[in-house]
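# Per-entry structural report
Listed here are the chains, written in short residue letters.
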Amino acid sequence: MQATLKTPVHFQGTGLHSGATVHLTVRPASTDYGIWFKRTDVLLGDAMIPARWDVVEQTALCTRIKNEAGVSVSTIEHLMAALAGCGIHNALIEIDAPEVPILDGSSADFVLGFLKTGIVRQGAPVWAIEILKPVSVTRGDATASLVPADEMRIDFHIDFVDEAIGQQTKELNLANGSFIRELCNSRTFCRQADVDAMQANGLALGGDPAENAVVFNGADVQAKGGLRHADEPVRHKMLDAMGDLYLAGAPLLAHYQGHRAGHSLTNALLRELFSHPDNWRLVECDAAQAARLPGAGVHMGEFPAVA
């Protein structure tokens, strides 16, 4: 069955790029509502934005969605990943700023908030998007693809010159609570040279390796408490992909493969997927299919101790 939150859950934090304080509330929603954002600080005009692939407006450093009135919300990927990983299909997200708070740089705080407040089943079946044939996009040396599968899988490979990152590869079946156990506490990361460039251009003003990011500089690692996983960077890339893929509008029955991919390529992949109606179909999940979806049967015991 579809799921939503038992009661509203509130978050407060700093915008990664703006450095501003943000208040955000995730509220329960009715069946077949989907995921929507509402800018509570926008008093005139349309403040509602659907969490959907076709309203993604910027994907260079984060994922930003924007409605036809020009109202936007950015850095939504960690929150979207938490919703996907907890199996929450319907929610209204109220936010008083144009950027989701970065919190600790991962999805962990969102996941913990959802598990504490409670997730409830609703009186309607879950619909999923089944991939019918392989779809792929390539830009330079980066590739992202979706191939048919009877569950959600993510394979990811990254390759960085920094000694502390290097090449990392991970494969994961996202059924049940594996997102919570394996990925949710992996933090956003970047190279020191990128931090310097972003801050020189008025971005990453809220980024802080002592609080919400992992910064690499050659063999050097700056992070609160050190790395949470030896391969935390590739895990975070998988977390980002999970959030960006949830903008499909429903859970995917698919095998996602990313090679040096990022927000932009994953959104391009969704656009390619939906550009041809014979690439996919919407299916009503039976009990066996629903049990293989991300978030099925999640509970607090799956939350990682290192988060």
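Cut-offs and rules
Residues numbered from 1 in each chain as written. Predicted model: local features only at pLDDT ≥ 70, side-chain atom pairs only at ≥ 80, totals over all residues. Heavy atoms only, no water. Core = buried A, V, L, I, M, F, W, Y, C linked by side-chain atoms within 4.5 Å. Buried < 20%, exposed > 50% of the residue type's maximum accessible area, 1.4 Å probe, protein only. Phe/Tyr/Trp six-rings, centres within 6.5 Å; stacked < 30°, edge-to-face > 60°. Helix = DSSP H or I, 4+ residues; strand = E, 2+ residues; numbered from the N terminus. Expected span 1.5 Å × (residues − 1). Lys, Arg positive; Asp, Glu negative; His and termini not counted. Salt bridge = Lys/Arg side-chain N within 4 Å of Asp/Glu carboxyl O. Polar contact = N/O pair within 3.5 Å; in protein donor to acceptor, adjacent residues only side chain to side chain. Contact = heavy atoms within 4.5 Å. Pairing = 2+ DSSP bridges. Axes fitted to C-alpha atoms, helices over the stretch in contact; angles between N-to-C directions.

If you look at the biggest cluster of nonpolar residues, it comprises 81 residues, and the most contacted ones within it are Val26, Phe37, Leu79, Leu83, Phe114, Phe179 and Tyr256. With 6 residues, the next largest nonpolar core counts Val126, Ala128, Leu253 and Cys285 among its residues.

So, on to the packing of aromatic side chains. Geometrically, a pair of aromatic rings is defined through the distance of the ring centres and the angle of the planes. In the structure shown here, the tally under the stated rule is 7 aromatic pairs. Relative to Phe189, the ring of Phe160 has its centre 5.6 Å away and its plane inclined at 75°; by these criteria the two rings are edge-to-face. Note that Phe160 is positioned in the loop between β14 (152–159) and β15 (167–173) and Phe189 in strand β16 (residues 189–191), a separation of 29 residues in sequence. On the accessibility criterion, Phe189 (13% relative accessible area) is buried. Relative to Trp280, the ring of Phe274 lies with its centre 5.1 Å away and its plane at 80°, an arrangement referred to as edge-to-face. Judged by relative accessible area, which is 16%, Phe274 ranks as buried. An aromatic cluster of at least three residues, connected via ring pairs, comprises Phe11, Phe110 and Phe114.

Moving on, we come to helix α6 (residues 263–274). Residues lying three or four places apart along an α-helix face the same way, a consequence of the helix completing one turn every 3.6 residues. With 12 residues, α6 should reach 16 Å at 1.5 Å per residue; the first-to-last C-alpha distance of 17 Å fits that figure. With 9 of 12 residues buried, α6 lies mostly within the body of the structure. Buried residues of α6: His263, Leu265, Thr266, Asn267, Ala268, Leu269, Leu270, Leu273 and Phe274, and no others.

You can see Asp155 is positioned in strand β14. Arg153 provides the closest opposite charge to the buried, salt-bridge-free Asp155, at an N-O distance of 4.6 Å. Within the local environment of Asp155, its side chain forms a polar contact with the side chain of His255, the two groups lying 2.8 Å apart. Excluding residues that lie within four positions of it along the chain, Asp155 makes contacts with Lys170, Glu171, Leu172, His255, Tyr256, Gln257 and Gly258.

On to helix α2 (residues 108–117), then. With 7 of 10 residues buried, α2 lies mostly within the body of the structure. Regarding α2, the residues found buried are Ala108, Phe110, Val111, Gly113, Phe114, Leu115 and Thr117. Looking at the residues trailing α2, positive phi occurs at Gly118, about 105°.

By the definition in use, this model includes 15 salt bridges. A salt bridge links Arg52 to Asp54; its shortest N-O distance comes to 2.5 Å. With a relative accessible area of 32%, Arg52 lands in the partly exposed category. Between Asp278 and Lys133 there is a salt bridge whose closest N-O contact spans 3.2 Å. Within this pair, whereas Asp278 is found in the loop between α6 and β20 (280–284), its partner Lys133 is found in the loop between β11 (127–131) and β12 (135–139), the two being separated by 145 residues in sequence. The exposure class assigned to Lys133 is partly exposed, which follows from its relative accessible area of 35%. In the salt-bridge network here, residues are joined through shared partners; they are Lys170, Glu182, Asp231 and Arg235.

This part covers the sheet that holds strand β4 (residues 35–39). The sheet built from 5 strands is open, its strands ordered β2-β3-β9-β4-β5 with mixed pairing. Edge positions in the open sheet fall to β2 (9–14) and β5 (48–50), since each of these has one partner strand only. Strand-to-strand twist of the sheet, defined as the mean angle between neighbouring strand axes without regard to direction, takes the value 20°. In this sheet, strand β9 (residues 91–95) lies alongside β4 in parallel orientation, the contact comprising 5 bridges. Counted as the bridge partner of Ile35 is Ala91 from β9.

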